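Reading the structure
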Amino acid sequence: MLVFDQVSKSYKKGAVKAVDDLSLEVKPGEIFGFLGPNGAGKTTTIKMAVGLLRADAGRITISGYDIAQEPLKAKACIGYVPDNPDLYERLTGLEYLNFIADVYQVPADVRRRRISHMLEMFELTNAVGDLIQSYSHGMQQKLALTGAWLHDPDVLILDEPMVGLDPRSAHLFKDLMREHCDRGKTVFFSTHVLEVAEKLCDRIGIIKKGKLIACGSMDELRDLAKSQESLENIFLELTEQ
Amino acid sequence: MSMLIKLIILNIKNTFGLSVLRDRIRKREKLWQPLLMALLLIYSFGVIAFMFSRLADGLVLAGMQFGQPEIAFTIAIVAIQLVVLIMGLFLVISTFYFSNDLSILVPLPLKPSHIFTGKLATVLINEYLTAAFFFIPTVIAYTRFAGGNLGYWLTLVIIFLLVPMLPLAIASLLALGLMKVINRRHRDTLMVIGSLVIVTITLGLNFFIQANVGDNPAALEELLASRFGLIETIGNRFPGSVWATKAIALAGSAEGWLNLGLFLALTAVSLLLLVAISEKLFFAGLIGGDEVSRKSKELSPAQWEAQTRPGSVFAALFWREWKLFIRTPIFALNGFLGALIMPITLIIPFFAQGRSGELAEMMAALQSEPGSTIVALVIAAIIILLGSMNTIASTSISREGKLFYISKMIPVPAETQARAKLAHAFVGSIISAVPITVAYIFFIKPSFLNVVAAVLIGLSGSLLGLAVGLYIDMLWPRLHWTNPQHAVKNNFNAVIPMFLEMAVLGGSAYLAYKLISAEWPVHLIYALFLALYAVSGLIVFHLTVATAEKRYHGLDI
């Protein structure tokens, strides 16, 4: 569903390799956690996957569509939330959601049902008529997640989605991700919260200095590392080598 | 280095992107872009400087007729003061109160007046660019006719550095007062209204000056006879402009130095007063100013139904553009202020001079041929200029700033997005055309044909500027800004279409002169201009839209 095939990206005319020959396949029904230290290349990878950055080499496909060759078809299959949920502050929450529903051409009854459900879940129903400018960071994050879910995308690509969410919303959101994947869809997300990744993800990839240094289920990662304990220990062991 | 100097340097680096430029030079990365931009700016500056130099030449020559060539300086200084006061007001409000970096600076252990002065320095540098357009051509014209010694050049440099400071200090004081008193709940609306009131008062002052000069022949003769008579009359409402003019005219003499000293003292006192007041008022108007209260009310079923109604992709993009533009006071003011001010400045002479015999004669000439055709074409030219001055198209990518990721993320062709942006800009041109058209109908009372011709030619002519503006902004968008003002006012992309339109209008004026001299029928002249503008505009419009995909694709964020 989401395939990275020998993808590379460098900055400063090749002096800094942000992503180095990354190959990875995320399958339908899978929640994939993407981990790595700061500056490892997580956000660059995600930005390339959603079409915000061009890869120097390699190919990224979403639901079979190459993001470079068929960007519109690929983007129609993606729901994306960036690491910082900057939204149009001068629109109301509902204006933003309706804008997103319009550009993804979500039918009226479907958009109303989904918006209503998500807003209730995130307790945003009373705030949705207010300007986004007045929202807290967490509220903006919830609105961005709602927008990403509106068109029921095949692949959800989320950069640090838990940041700013209160414990209740984070819990409901994790349920939502699981339910999304149970319907054969895919979630690909980056996080620094290792406990969440350990409990939630079907598979985990660890990136360091642009290279994928480990990828697999928790059991596979345990086999790879000497440590047989938590993901935190495995992560520290692998990234400090 | 003192904290204040550090803050000033930091603000200058941040505002003008100096660190980014230095980084590019160091890495030799895409250097052709700033170089091409610099060339375009030099060309643009050249066009404007040429226009002003002709004007300054005329003023110096006219002034020499009655022994007062320095009148050119008085007029340049008064013009600088007016422009800095009016435009500076909006610039200082946005710089002092809407910069994103204030949330970093305010919690630091810095004095309010230091943060304020650091920001003021960047505004002042901007205003020097404005002042240069008026001042340098005047210096060239005057020096050519009157010559000058070392004292003269020294005086010129000091006066140039001082001139924008005084009106900027006044604008800043007004901004400090305005932002202190306005209610937080309706801050955006009140800021727009308050600023417009201040601008109207300033223009009203201009009205009284013109009214005072009047057209009394005896008084005029007296003004012309005395050495600085006319200068004192024009300059007496603008603090310091007479001292500044006398300092230049009498440079090197004791009286010249005295006048320079007076002007320097006046500026220094006003700045010191401003800094002292900023210590008390700046934080009072700033802190919490960006907090917006929520009503937190559940929408009624009818509201819910209406606000979740599906629409076309194009409509969604158009309304996004429109709402974000009109709801951001800095964007809306920058877009439509010129359209509001232009008719007022043109109407002032009508009120100021009354409907005297001379005016009635002039009106008769404007209402009959060829005057009426010329006026219709001039109104069309103003509509074209206002269309590019509103900068809606030429800053439409830059205005998105860091939110441009949404435009890149959505599955909508860049062509559709470009079309929506141009449609929004065209609606903006129509709105910009309304006040001047109303003024035209009300004061000149033209025929129906002339009104229709002026509006249609004007709007079709604005297409070219809009399409070129969007193309340039797609090429070099300014996406990384800390203050929305940077996206529209400090964005050179906004300037280029204006100069392009000026060049087109220069050629059009020549063509119109030839056609009117050759006594072409009026409707043919109108049809020719309409066809020329519409065809060229639509061609560039389609070229811009056609290249949008490539341009969007090339913008990594």
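Keep in mind the model is a prediction, meaning the values are calculated, not measured.

Rules used in this analysis
Residues numbered from 1 in each chain as written. Chains lettered and ligands numbered in written order. Predicted model: local features only at pLDDT ≥ 70, side-chain atom pairs only at ≥ 80, totals over all residues. Helix = DSSP H or I, 4+ residues; strand = E, 2+ residues; numbered from the N terminus. Buried ≥ 20, exposed ≤ 12 C-beta atoms within 10 Å, placed from the backbone. Contact = placed C-beta atoms within 7 Å. Expected span 1.5 Å × (residues − 1). Bend = angle between axes of the 7 residues up to and from the residue. pLDDT = per-residue confidence, 0-100. Axes fitted to C-alpha atoms, helices over the stretch in contact; angles between N-to-C directions. Parallel < 35°, antiparallel > 145°, perpendicular 65-115°, else oblique. Left-handed = near helix turned anticlockwise from the far one by under 90°. Nonpolar A, V, L, I, M, F, W, Y, C, P; charged D, E, K, R; others polar. Pairing = 2+ DSSP bridges.

This part takes up the overall build of chain B. Broken down by element type, chain B carries 24 helices and zero strands. When burial is assessed residue by residue, chain B has 42% of its 557 residues classed as buried. In chain B, of all internal contacts separated by at least 6 residues, the share reaching a separation of at least 24 is 85%.

Next up on the list: helix α5 (residues 137-149) of chain A. One turn of an α-helix holds 3.6 residues; hence residues three or four places apart share an orientation. Residues and elements named next belong to chain A. In this model α5 runs 19 Å from its N-terminal to its C-terminal C-alpha over 13 residues, within 8% of the 18 Å that 1.5 Å per residue would give. Counting buried residues in α5 gives eleven out of 13 residues, a clear majority hidden from the surface. By the burial criterion, the buried members of α5 are Met139, Gln140, Gln141, Lys142, Leu143, Ala144, Leu145, Thr146, Gly147, Ala148 and Trp149. On the buried face of α5, the contacting elements are β6 (78-81), α3 (93-103), α4 (108-121), β7 (155-159) and α6 (167-182).

All names here are of chain B. Look at helix α20 (residues 414-444): 44 Å from first C-alpha to last across 31 residues, which is about the 45 Å you get at 1.5 Å a residue. Largest kink in α20: about 30 degrees, centred on Val434, with the proline Pro435 one to four residues after it. Taken from the residues just after α20, Lys445 is the one with a positive phi, measuring 55 degrees.

Attention shifts here to the confidence of the model for chain B. Residue and element names in this part refer to chain B. Per-residue confidence for chain B gives a mean pLDDT of 82; residues scoring 70 or more make up 86%. At the level of individual helices and strands, chain B shows its lowest average pLDDT in helix α10 (residues 217-225), which scores 57, and its highest in helix α15 (residues 313-327), which scores 95. Scored by ipTM, the complex comes to 0.93, with pTM at 0.82.

The next subject is the packing of helix α4 (residues 71-97) of chain B against helix α12 (residues 241-249) of chain B. A packed helix pair is summarised by two numbers, namely the angle formed by the two axes and the spacing between the axes. Residues and elements named next belong to chain B. Relative orientation of the contacting elements α4 and α12 amounts to 140 degrees, with a least axis distance of 9 Å. Taken as axis vectors, α4 and α12 run oblique relative to one another. As α4 runs across α12, the sense of the crossing is right-handed. Contact with α4, carried on its side by Phe73, Thr74, Ile77, Val78 and Gln81, involves Ser241, Ala244, Thr245 and Ile248 of α12 and no other residues of that element. Grouping the constituent residues of the contact of α4 with α12 by class yields five nonpolar, four polar and no charged.

Here the focus is unusual backbone geometry. Excluding glycine, a negative phi dihedral is what most residues carry, and trans is how most peptide bonds are arranged. Unlike most non-glycine residues, Gln105 of chain A shows phi in positive territory, near 55 degrees. Here Gln105 of chain A is to be found in the loop between α3 and α4. A residue is classified by how many C-beta atoms lie within 10 Å of it, and Gln105 of chain A, with 16 of them, is partly exposed. Phi is positive for Lys445 of chain B, close to 55 degrees, though the residue is something other than glycine. Positionally, Lys445 of chain B belongs in the loop between α20 and α21 (448-475).

Accessible area lost on assembly of the parts is the figure often given for the size of an interface. Between chain A and chain B, the contact holds 37 residues from the first and 32 residues from the second. The set of elements that each furnish at least two residues to the side of chain A that touches chain B consists of α2 (71-76), α3 and α4 of chain A. Split into classes, the residues belonging to the side of chain A that touches chain B amount to 19 nonpolar, eight polar and ten charged.

One face of the sheet, then the other: side chains in a regular strand alternate in exactly this way. Residue and element names in this part refer to chain A. Here β6 shows two buried faces, one formed by Ile78 and Tyr80 and the other by Gly79 and Val81. In terms of strand pairing, β6 meets β7 through four bridges, oriented parallel. The residue of β7 that forms the bridge with Ile78 is Val155.

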